[in-house]
Amino acid sequence: MKIGILKETRPGETRVALIPALLPPLVREKHDVIIEAGAGSASGLADELYAKAGARVVKTAVAVYKEADIIFKVQPPATTGARGKSEADQLREGTTYIGYMAPLANPDLVKVLERKKITGFAMEYVPRITRAQSMDALSSMATIAGYKAVLLATQHLGKMFPLLMTAAGTIPPATVLILGAGVAGLQAIATAKRLGAKVEAFDPRPAVKDQVKSLGATFVEMEMPADAETKGGYAKEMSAEFLRKEQEAIAARLPKVDVVICTAQVFGKRAPLLITKAMLGAMRPGTVIVDLAAEQGGNCELTRAGETVRHQGVAIVGAVNLPATIPSDASLMYSKNITNLFATLFPKGATTPNFEDEVTVGACITRDGAIANEGVRAALRPAKPAKTARPAKAPKTVKAPKKK
Ligand code: NAD
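Residues numbered from 1 in each chain as written. Predicted model: local features only at pLDDT ≥ 70, side-chain atom pairs only at ≥ 80, totals over all residues. Heavy atoms only, no water.

A.B. asks: Got a minute to help me understand the environment of T352 in this structure?
C.D. replies: With respect to the secondary-structure elements, T352 resides in the loop between α11 (327–345) and α12 (358–363). A residue is classified by how much of its surface remains accessible, and T352, at 55% relative accessible area, is exposed. Along the chain, T352 and G362 lie 10 residues apart, while their C-alpha atoms are 16 Å from each other. (Helix = DSSP H or I, 4+ residues; strand = E, 2+ residues; numbered from the N terminus. Buried < 20%, exposed > 50% of the residue type's maximum accessible area, 1.4 Å probe, protein only.)

In structure tokens:
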């Protein structure tokens, strides 16, 4: 198969979907890898490295789209741009796409994929089952985001993280509160601990308490919701009543912390609002909030995605696309995820995807000119309410013949 790799065009994106080190297994399987010149440059990967590993480097994206049977990408293909020239427009009819898609946020892209009968696989829809962990880009990128969120906090904080006893005085350790302890939150706990901070965390899923403690952090005790988790292990949307109590518990901690790392999210929903504007008033000037949920609406009321807002001396960092700030490792992990997914979709040299496999079915968003994923279909094409049946016409009254 001809696998096409492109230079990402979204502003700030530095990752590449395939690194040279992962080319040899594909070449051994007789795949032809075609890569746009400069695709790896923002990750420090020169064209020569790709050529040496067995790829064909071509000058333009157009040349890649023209030949490739499968496109490996990081960001969803853009639908904007001159007519016929956008990334989505250039995808060839009947080909396969593997990469992030964010179908609910990109309905126009989904329409293009349907119209062009493209078999589209979304990295964020890979089922989160044990067997698919090596393909789970959400987890690998969340790991990077959790790590980097703590480093961002250190840059904005006017204090050091570790306890230091020096001749010039004793520096107490920084106190870090982590809200949401999924993949990103747990990595943030581990990173802040490694830097010597005192760490506390909260997450409404019951299984998380032990994970938080095993990393050496304190679990913020509050009344736990009865039914916090979906079957897949994700948090459910919490009730307004629970969120109110959670805000109260968080408010009690805020005057005592130096850093808050917000990572709380609910799949497919607006991120829960955990820190209101009023709550910020109780924080000490100099406190830093890094909000990883910025693009999902933010856990803090004043968060602005991609900006740092200052309010009464508190810095609120609306972090976006942190994996792109660590391109070398992010590209390595993403490439591992995408090549593992590819090997599952097309096992042993197959040229059509193996739809017997639940990973293939779960990750597939478009197929044969239609939306294949039920959830995406229901969200983008909600069934029209059935027309209310017209009232049946009253039967004509037949006059009884007059009795003679
Ligand atoms: P996520 O990014 O969707 O959410 C982050 C965290 O926010 C979650 O831990 C969630 O419980 C928490 N949260 C939601 N509402 C909150 C609230 N009101 N207050 C505080 N926290 C709140 O989740 P994620 O990190 O991508 O993954 C979450 C879970 O998914 C994992 O911990 C695991 O159970 C499951 N998972 C399974 C696999 C696998 O088996 N392959 C892989 C990855 C994740």
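There's plenty left to go through after this.
A.B. asks: Help me understand the pairing of strand β1 (residues 2–5) in this model?
C.D. replies: Where β1 lies against strand β2 (residues 32–36), four bridges are found, and the strand directions are parallel. Pairing of I3 across the sheet is with V33, part of β2. Regarding the hand of the β-α-β motif, the stretch spanning β1, helix α1 (residues 23–28) and β2 is right-handed. For β1 and strand β4 (residues 70–72), the ladder comprises three bridges, and the chain directions are parallel. Considered in β4, the bridge of I5 is made with F72. (Pairing = 2+ DSSP bridges. Right-handed = clockwise from strand over helix to strand, strands pointing away.)

A.B. asks: Help me understand the sheet that holds strand β6 (residues 119–122), please; the structure alone is not making it clear to me.
C.D. replies: In a beta sheet, neighbouring strands pair by backbone hydrogen bonds and run either parallel or antiparallel. Read across the sheet, eight strands follow the order β3-β2-β1-β4-β5-β6-β16-β17 without closing on themselves; strand pairing throughout is mixed. The strands lining the two open edges of the sheet, one partner per strand, are β3 (56–58) and β17 (370–371). With three bridges joining them, β4 and strand β5 (residues 96–99) adopt parallel strand pairing. Bridging across to β5, F72 finds its partner in I98. Packing against the sheet, α11 makes contact with β1, β4, β5 and β6, and its axis sits at approximately 140 degrees to β5. (Contact = heavy atoms within 4.5 Å. Axes fitted to C-alpha atoms, helices over the stretch in contact; angles between N-to-C directions.)

A.B. asks: Mind showing me how you'd approach the state of the cysteines here?
C.D. replies: Note on terminology: disulfide describes a covalent bond linking the sulfur atoms of two cysteines. Considering all chains together, one arrives at zero disulfides under this definition. In this model C262 remains outside any disulfide bridge; the closest cysteine sulfur is found in C300, 6.5 Å from its own. C262 sits in the buried class, given a relative accessible area of 0%. Under the relative-accessibility criterion, C300 is labelled buried at 0%. (Disulfide = S-S within 2.5 Å.)

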